[in-house]
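What follows is each chain in one-letter form.
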Amino acid sequence: MMTEAVTQGDELRETMSACLDLEKPRSFFLYAGAGTGKTRAVVEAMNIFRSRYGTQFRQSGQKVAVITYTNAACDEIRRRIDFDPIFAVSTIHSFAWEQICTYHKDISAWLRVRLAADIAELEERQTKGRAGTKAAVERKVQIESKHNRLQHLDAIKQFTYNPNGENIGKNSLNHAEVIALSAAFLADKPLMRQVLIRKHPVLLIDESQDTQKDLIDAVFALQAKHPDKFCLALFGDTMQRIYADGKVDLEQAVPADWEKPALVVNHRCPKRIVTLLNQIRSEADGAQQEPREDAQEGVLRLFLVNDVDDVDKLKAEAEAAQVMAETASDDDWMNQETIKVLTLEHHMAARRGGFAGFFEPLYRIDRFRTGLLDGTLSGVAFFARQVLPLVEALRSEDRFGVAQVVKEYSPLVSADRLSANEASLEEIRKAGESVESIFSLWDDGTDPVLLDVLKTIAHEGLFGIPDVFAPILSDTDAEEEEAEPVPEDAEDDGNPAIDAWREALSVPFSQLRAYVEYISDRSPFGTHQGIKGLQFPRVMVILDDNEARGFMFSYDKLLGAKALTATDEKNQLEGKDTSVDRTRRLFYVTCSRAEKSLAVVAYTKEADKMAKHMSDLDWFENDEIVRL
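Throughout what follows, the structure given in this document is the object of discussion. (Residues numbered from 1 in each chain as written. Predicted model: local features only at pLDDT ≥ 70, side-chain atom pairs only at ≥ 80, totals over all residues. Heavy atoms only, no water.)

**So, the pairing of strand β13 (residues 594–604)**
Across the 11 residues that make up β13, a large majority, 9, are buried. Relative to β13, strand β9 (residues 299–306) is paired through 8 bridges, and the arrangement is parallel. Note that in β13 the partner of Asn 306 across the bridge is Thr 604. Relative to β13, strand β12 (residues 536–543) runs parallel, the two being bridged by 7 bridges. Across the sheet, residue Ile 542 finds its bridge partner in β13, namely Val 601. (Buried < 20%, exposed > 50% of the residue type's maximum accessible area, 1.4 Å probe, protein only. Helix = DSSP H or I, 4+ residues; strand = E, 2+ residues; numbered from the N terminus. Pairing = 2+ DSSP bridges.)

**Describing the packing of aromatic side chains**
For any pair of aromatic rings, the description consists of the separation of the ring centres together with the inter-plane angle of the planes. According to the stated counting rule, one finds 22 aromatic pairs in the structure shown. Among the aromatic side chains, those forming a connected cluster through ring pairs are Phe 355, Phe 358, Phe 359, Tyr 363, Phe 382, Phe 383, Phe 463, Phe 469, Trp 501, Tyr 515 and Tyr 518. Just above the ring of Phe 185 sits the side chain of Lys 189; from NZ or CZ to the centre is 4.9 Å. (Phe/Tyr/Trp six-rings, centres within 6.5 Å; stacked < 30°, edge-to-face > 60°. Lys NZ or Arg CZ within 6 Å of the ring centre and 35° of its normal.)

**Quick look at unusual backbone geometry**
With a phi angle near 60°, Asp 82 is a residue other than glycine that sits in the positive phi range. Along the polypeptide, Asp 82 turns up in the loop between α3 (71–80) and β3 (87–91). Look at Glu 397: it is not a glycine, yet its phi comes out positive at around 55°. Inspection of the secondary structure assignment puts Glu 397 in the loop between α16 (380–395) and α17 (399–409).

**Regarding helix α9 (residues 213–225)**
When the terminal C-alpha atoms of α9 are compared, their 18 Å separation across 13 residues agrees well with the 18 Å that a helix rising 1.5 Å per residue should span. For α9, the complete set of buried residues consists of Leu 215, Ile 216, Ala 218, Val 219, Phe 220, Leu 222 and Gln 223. Each element contacted by the buried residues of α9 is listed here: α4 (92–100), α7 (175–188), α8 (190–199), β4 (202–205), β5 (231–236) and α10 (250–253). Capping of α9 at its N-terminal end is provided by Gln 212; its side-chain oxygen lies 2.7 Å from the backbone amide nitrogen of Asp 214. (Expected span 1.5 Å × (residues − 1). Contact = heavy atoms within 4.5 Å. Polar contact = N/O pair within 3.5 Å; in protein donor to acceptor, adjacent residues only side chain to side chain.)

**Observations concerning the pattern of salt bridges**
Considering all chains together, one arrives at 33 salt bridges under this definition. The salt bridge involving Glu 624 is made with Arg 272; its shortest N-O contact spans 2.8 Å. With Glu 624 in the loop between α28 (607–616) and β14 (625–627) and Arg 272 in helix α11 (residues 271–280), this residue pair connects regions lying 352 residues apart in the sequence. For Arg 272, a relative accessible area of 11% puts it in the buried group. (Salt bridge = Lys/Arg side-chain N within 4 Å of Asp/Glu carboxyl O.)

Functional significance is not addressed by these values, which are geometric in nature.
Here you go:
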């Protein structure tokens, strides 16, 4: 097997080298299942190209464009190619914005048409719908908002966009608009296509199965029109498509004249788990993997838990970990920090990670979600980058760390303030007293409420307070002045975003710490969507349809506890994506993260049906199914 793996690697290098020839470029799609080294193959392609054209590209200013899904993946790829400037590595949103960021008049014209069409559709639905309903009120607000945006278009000379945060200004574009604009302009503007090919004659797309389908179609069309000038290389695995806007059946859409190399040796998972992965996808595309010859056998268990109202889920999961420790002869299963627990939704991870009180109110606000999950949300960054590092340094008695945070962020010791004040030592002393005053909130083992921490920082003037917190601090000031009580029948005219922050700030500071661990990938908890490309020695997958509260997925259906609906069967017959298809892919992704052992914990009211179905499909042996 190792010999086959080496041979396969040699063949792949030869294929990619032949394709990455600027004289006779040929596009390719590399199928790389879970654990086969897809990212390594992307980097290998970049190294092949650099060895041949590095000097030429440095002189010409041209770059190979490399698109991957997350900022973390971008950083990893840049690191692996030594930050070589001939490669422009970015996320799909950054790449799309780069293509359109100078076309401001065209963007305005496109938005004018799109907004008019959206308004017409909403007004038609409004005339057909019932007046006075919540939906009617929401449509009215949407219509007014789009009319307002349409009226302001002429005043916008330059559009802005931040691919890593919120975009809520009048001249801002949102994430979906940037992708749609890029796809539309690539299709309609020959000059833009020529500019792209001149700047980036080679485009590598990692995780291509999750790249937005309209943009994939646009670059397919670009390659088809200029096959002798443009090389498009896609890397991915359709079984790992976990986002709804990815292109369905990408492999079938790849043109017949492309090269289609494949990597099939799973270097990550033990033999038993590779067998499970093959079984999971046998009813999907039938693609099979092979384990390394020297792979360990691995341990796999399915734990079935009766999903009753009073079930103690954390206790059940702890019992599953105990069984895994005994079965795998691995005491690290008893240490939560050495287990990766994967759930379906972020709020499931928040509950298990102990930060639901902080996370859930903010996650309910649609425009907060991106910034909440990457730590860029205004208010979140304040706590995560200033307050938490200060508190951590104080708790560990790291005086240098305290001084660093205060020097970087505190206006009390800013260069302007100290230079303008003859008594600079007195200012430094005041900063020290402010730090001690804040840290006193933790006296006697107290876990202070976030709002109390915020109020103390504001009172001491240690850090500048983000504008988002101004209304909340103003409210608390009014409460302390014993403002008149609000009548019970008064109308609620609150701002949902401010209300969400007010609720989030009512929790203990320890929840903020747990949340920061989560978004920094240091938490033992994660989601299906958040672990692309990652791997862990011990993985526990939580299957819980009720807690997930979603309609897009159903583990009960996938594992045989529930029958397919008529809609599912109809979609299957028509070749459309079903909830079972989506769930199968997520299950495949999570199970494929395990390097040594895997525990699947399923909460279900039909344990007998599930056990029989899993046994009949040969996904799990009878002795691998445990009732808790």
